[in-house]
Structures are given as C-alpha cells and as structure tokens.
Amino acid sequence: MLLDIIVQTVVGRGFRRSVKNNEVRTFPYKIKVKELPKPVPQGFTNAVGQFKLESKINQTEVNVNEAVNWDIIISGKGNLDILSPPNLEFDQDLEVFEPKVQKNISTNRGGTNGKVSYTYVLVPRDVGDFDLPDYKLVYFDPKQEKYITLESESTTIESQGVSNFGGEDYVVEQKKVE
C-alpha cells in the first residue's frame, strides 16, 4: 500500500508569504489481514478486540407503570463502532422503549478504545416478576486467538401496586415467602 500525502508549507514573511504544496509519497507498506477462524459461533457480529460487558439497573422493585432504566455497557479496545443495539425479546407486559445509544470512542496509535452503552426504559404494565433477557456479546479476541462470549447477569424486575384487569382496578401486593 502506498500513501500520497500533500504537505502545505509556508514560504516567506509578511506580505511576501505564500503557501507551497509538496507531495510526499510513502514507501510501500504491506498489511497482512488474517482470516477469522472457522467455525464462526452463533451470535458473532464481527466484533474484534478485548471487551468487558456490564449490566446495570437503577431499581428492581417498582410499582406498576413506574419506569426503570436498564443499561448495557460494552467497553474495551477494538472495533466498538460497529456494534448496534441488541435485538432482545421482552415480556409482553413490559413496555420497552427504543434504547438510547451513547458512544464514547477514540482512536489513537494504540488502537480504538472506548465505551458503548444502550439505555432501555422499561415500564411494567402489570403486577409480577419480569425477567430481563440475557444479552450475549460474541467477539473474537486476536490476542487469545479465539471467540469469546460475554453474558449479562440475570436481572428480575418486581412490580407491585394497582393493576387494571378487565377495566376494574385491583390492589395487588406480591410478597415473597421464604
């Protein structure tokens, strides 16, 4: 691979100053691209690097119709910019809004580093326990030369309070018996 670069230099002083374009060419440089190993595991989305996965929820016990924030955070070194919000299936009595996506990614000589977070707003519309789906990130780690699967921790939202069944309001409390 060759790179052609144009460098602008300032020549002269004061009113006699001008800008001169100089073309510079690099020496040939070869880049060897390795093919990813086969078989490719299910769920692999071309993420390559070293990553960490974190799952946070702001509260696990709420009243019906009260919002909960659930964050899925992927951080590390690699091609974070190709990640997209996960396609997750939630309980039908849990209203789920499109996730807010935040990307804080920087690239320098050491590579691409940063963090991508997906914040879901979840609203239980009925009384009960709602298990959040597990999120799996399958990526290839070039240092270990293998595929790695990270999985979020299991999380349950416990909803209680007033539920509307058949048009009538009922007060329902759910208590755990140990």
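Before reading on, note that the structure itself is shown above.
What you are looking at is a predicted structure, and each value in this text was computed from that prediction instead of being measured.

Enquirer: Just checking my understanding: could you explain the overall build of the protein for this structure?
Expert: Within the protein one finds zero helices and 13 strands. In sequence order, the protein lays out its α and β elements as β-β-β-β-β-β-β-β-β-β-β-β-β. Taken across its 178 residues, the protein has 27% of its residues classed as buried. Split by element, the accessible area of the protein, about 13100 Å² in all, is 47% carbon and sulfur.

Enquirer: Just checking my understanding: could you explain the pairing of strand 7 (residues 100-108) for this structure?
Expert: Within a regular strand, side chains alternate between the sheet's two faces. Direction of pairing for strand 7 relative to strand 8 (residues 111-124): antiparallel, over a ladder of nine bridges. Paired with Lys 100 across the bridge in strand 8 is Thr 119. In this structure, the hairpin formed by strand 7 and strand 8 is closed by a connection of two residues.

Enquirer: Help me out: how do you make sense of a negative patch on the surface in this one?
Expert: Judged by side-chain charge, Asp 91, Asp 129, Asp 131, Asp 134 and Glu 151 come together as a negatively charged surface patch. As for its position among the elements, Asp 131 is in strand 9 (residues 128-131). A residue is classified by how much of its surface remains accessible, and Asp 131, at 55% relative accessible area, is exposed.

Enquirer: I would appreciate a short explanation of a nonpolar patch on the surface in the present structure.
Expert: A grouping of Ile 5, Val 7 and Val 24 is seen on the molecular surface, where their side chains present a nonpolar patch of about 200 Å² in accessible area. According to the relative accessible area criterion, Val 7 is partly exposed, its value standing at 36%.

Enquirer: Would you take a moment to explain the packing of aromatic side chains for this structure?
Expert: For the structure shown, the criterion picks out six aromatic pairs. Where Phe 90 meets Tyr 120, the ring centres are 5.8 Å apart and the plane angle is 50°; that geometry is what we call tilted. Taken together, the positions of Phe 90 in the loop between strand 5 (68-78) and strand 6 (94-96) and Tyr 120 in strand 8 put the pair 30 residues apart, joining distant regions of the chain. Ring pairing ties together the aromatic residues Phe 44, Phe 140 and Tyr 147, which thus form one cluster.

Enquirer: Can you help me understand unusual backbone geometry in this one?
Expert: It is generally the case that most residues other than glycine have a negative phi and that most peptide bonds are trans. For the bond from Lys 38 to Pro 39, the omega torsion is -5°, close enough to zero to count as cis. If you check the backbone angles, Asn 65 has positive phi at about 70° while not being a glycine. Along the chain, Asn 65 falls in the loop between strand 4 (61-63) and strand 5. The class for Asn 65 is partly exposed, based on a relative accessible area of 48%. Unlike most non-glycine residues, Glu 145 shows phi in positive territory, near 55°. As for its position among the elements, Glu 145 is in the loop between strand 10 (136-141) and strand 11 (146-151).

Enquirer: Can you walk me through the pairing of strand 8 in this structure?
Expert: Of the pairings in the sheet, the one linking strand 5 to strand 8 comprises ten bridges and is antiparallel in character. Bridge pairing links Asp 71 to Thr 119 in strand 8. Judged from the three bridges that link them, strand 6 and strand 8 form a sheet pairing that is antiparallel. Pairing of Val 96 across the sheet is with Leu 122, part of strand 8.

Enquirer: I tried to follow the pattern of salt bridges on my own but got confused; where do I start?
Expert: Close approach of charged atoms allows side chains with opposite charge to pair. If you walk through the whole model with that rule in mind, you get three salt bridges. Between Lys 38 and Glu 35 there is a salt bridge, with its nearest N and O atoms 3.6 Å apart.

About the criteria used
- Residues numbered from 1 in each chain as written.
- Predicted model: local features only at pLDDT ≥ 70, side-chain atom pairs only at ≥ 80, totals over all residues.
- Heavy atoms only, no water.
- Helix = DSSP H or I, 4+ residues; strand = E, 2+ residues; numbered from the N terminus.
- Buried < 20%, exposed > 50% of the residue type's maximum accessible area, 1.4 Å probe, protein only.
- Areas by Shrake-Rupley, 256 points an atom, 1.4 Å probe, with all protein chains shown as cover.
- Pairing = 2+ DSSP bridges.
- Patch = residues over 30% accessible without salt bridge, like charges linked within 9 Å, V, L, I, M, F, W, Y side chains within 5 Å.
- Salt bridge = Lys/Arg side-chain N within 4 Å of Asp/Glu carboxyl O.
- Lys, Arg positive; Asp, Glu negative; His and termini not counted.
- Charge placed at Lys NZ, Arg CZ, Asp CG, Glu CD.
- Phe/Tyr/Trp six-rings, centres within 6.5 Å; stacked < 30°, edge-to-face > 60°.

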